[in-house]
Amino acid sequence: MDTNALAASLAVDYPVLNIFWTMLELFLWILWFFLLFKIITDIFRSHDLSGWGKAGWLVLVIILPLIGILAYLIARGQSMGKRDVEQARQADAAVRAYIRDAAAGTPAEDGTGGGGRSHVEDLAKLADLKERGAISEEEYQKAKDKLLV
């Protein structure tokens, strides 16, 4: 039997409805794994559960996965959503603070951004010194070139 005949016989033996059913099973399997990992991470980040509570939920989710996941979603699904929203708010606030500090040219509170004075402030001070006659045109140009490099 050649390869074309073998491929044709395999295609006939696997109808279209079975292809859709296989795709649905694969989708549900991936969805279940997504929920499993989401719930396990929520169990560990939940501050209102004690250590024994976390251990109990974890054992239930791992030993009886379908029942454990459904029970967790029913019992703690609403608080899981609230924790997600609060974590998103904190991340958004941190990004906004970083951007604000970086734009202002001041160091961030955690020491990750900024860098002191901005180049604009330094150039303004140099121009002021030149206007007052404290530095010459040549000194002004050298200092400006040094700042802009």
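Conventions and cut-offs
- Residues numbered from 1 in each chain as written.
- Predicted model: local features only at pLDDT ≥ 70, side-chain atom pairs only at ≥ 80, totals over all residues.
- Heavy atoms only, no water.
- Axes fitted to C-alpha atoms, helices over the stretch in contact; angles between N-to-C directions.
- Helix = DSSP H or I, 4+ residues; strand = E, 2+ residues; numbered from the N terminus.
- Parallel < 35°, antiparallel > 145°, perpendicular 65-115°, else oblique.
- Left-handed = near helix turned anticlockwise from the far one by under 90°.
- Contact = heavy atoms within 4.5 Å.
- Nonpolar A, V, L, I, M, F, W, Y, C, P; charged D, E, K, R; others polar.
- Phe/Tyr/Trp six-rings, centres within 6.5 Å; stacked < 30°, edge-to-face > 60°.
- Buried < 20%, exposed > 50% of the residue type's maximum accessible area, 1.4 Å probe, protein only.
- Polar contact = N/O pair within 3.5 Å; in protein donor to acceptor, adjacent residues only side chain to side chain.
- Core = buried A, V, L, I, M, F, W, Y, C linked by side-chain atoms within 4.5 Å.
- Patch = residues over 30% accessible without salt bridge, like charges linked within 9 Å, V, L, I, M, F, W, Y side chains within 5 Å.
- Areas by Shrake-Rupley, 256 points an atom, 1.4 Å probe, with all protein chains shown as cover.
- Salt bridge = Lys/Arg side-chain N within 4 Å of Asp/Glu carboxyl O.
- pLDDT = per-residue confidence, 0-100.

**Q** How do you make sense of the packing of helix H2 (residues 16–45) against helix H4 (residues 65–104) when you look at a structure like this?
**A** As a packed pair, H2 and H4 sit with axes 9 Å apart at the nearest point and diverge in direction by 60°. In terms of orientation, H2 and H4 fall into the oblique class. Crossing angle aside, the handedness with which H2 passes H4 is left-handed. For the pair H2 and H4, contact is made by Trp32, Leu35, Leu36, Lys38, Ile39, Asp42, Ile43 and Arg45 and by Pro65, Leu66, Ile69, Tyr72, Leu73, Met80, Arg83, Asp84 and Gln87, respectively. Residues that form the contact of H2 with H4 fall into these classes: 11 nonpolar, one polar and five charged.

**Q** Could you clarify how one ought to interpret the packing of aromatic side chains in this entry?
**A** For any two aromatic rings, the description comes down to two numbers: the centre-to-centre distance and the angle of the planes. Enumeration according to the criterion identifies four aromatic pairs in this entry. Measuring from centroid to centroid gives 6.1 Å for Phe33 and Phe37, while their planes differ by 25°, and the two rings are stacked. Of the two residues, Phe33 and Phe37 both sit in helix H2, four residues apart, roughly one turn of that helix. Residue class for Phe37 comes out exposed when judged on its relative accessible area of 51%.

**Q** What exactly am I supposed to notice about the side chain of Asp42 here?
**A** Within the secondary structure, Asp42 is located in helix H2. A polar contact of 2.4 Å, which involves the side chain of Asp42, links it to the side chain of Tyr72. Every residue in contact with Asp42, bar those within four places of it in the chain, is listed here: Tyr72, Met80 and Arg83.

**Q** What am I meant to see in the nonpolar core here?
**A** Listed in full, the 10 residues of the largest apolar core are Leu36, Ile39, Ile40, Ile43, Leu49, Trp57, Val61, Ile69, Tyr72 and Met80. Broken down by element, the residue count for this core peaks at four residues, all from H2. Excluding its chain neighbours within four sequence positions, the residues that come into contact with Leu49 are Ile43, Lys54, Trp57 and Arg76.

**Q** I would appreciate a short explanation of a nonpolar patch on the surface in the present structure.
**A** On the surface, Trp21, Leu24, Phe27, Leu28, Leu31 and Phe34 cluster together to form a nonpolar patch covering roughly 640 Å² of accessible area. A residue is classified by how much of its surface remains accessible, and Leu28, at 43% relative accessible area, is partly exposed.

**Q** So what exactly am I meant to see when it comes to the confidence of the model for the protein here?
**A** It should be kept in mind that the predicted coordinates are not to be read in detail where pLDDT is low. When pLDDT is averaged across the protein, the result is 82; 83% of the residues are at 70 or more. Within the model, pLDDT remains below 50 along residues 110–115, and this stretch shows 12 contacts once partners closer than five positions in the same chain are excluded.

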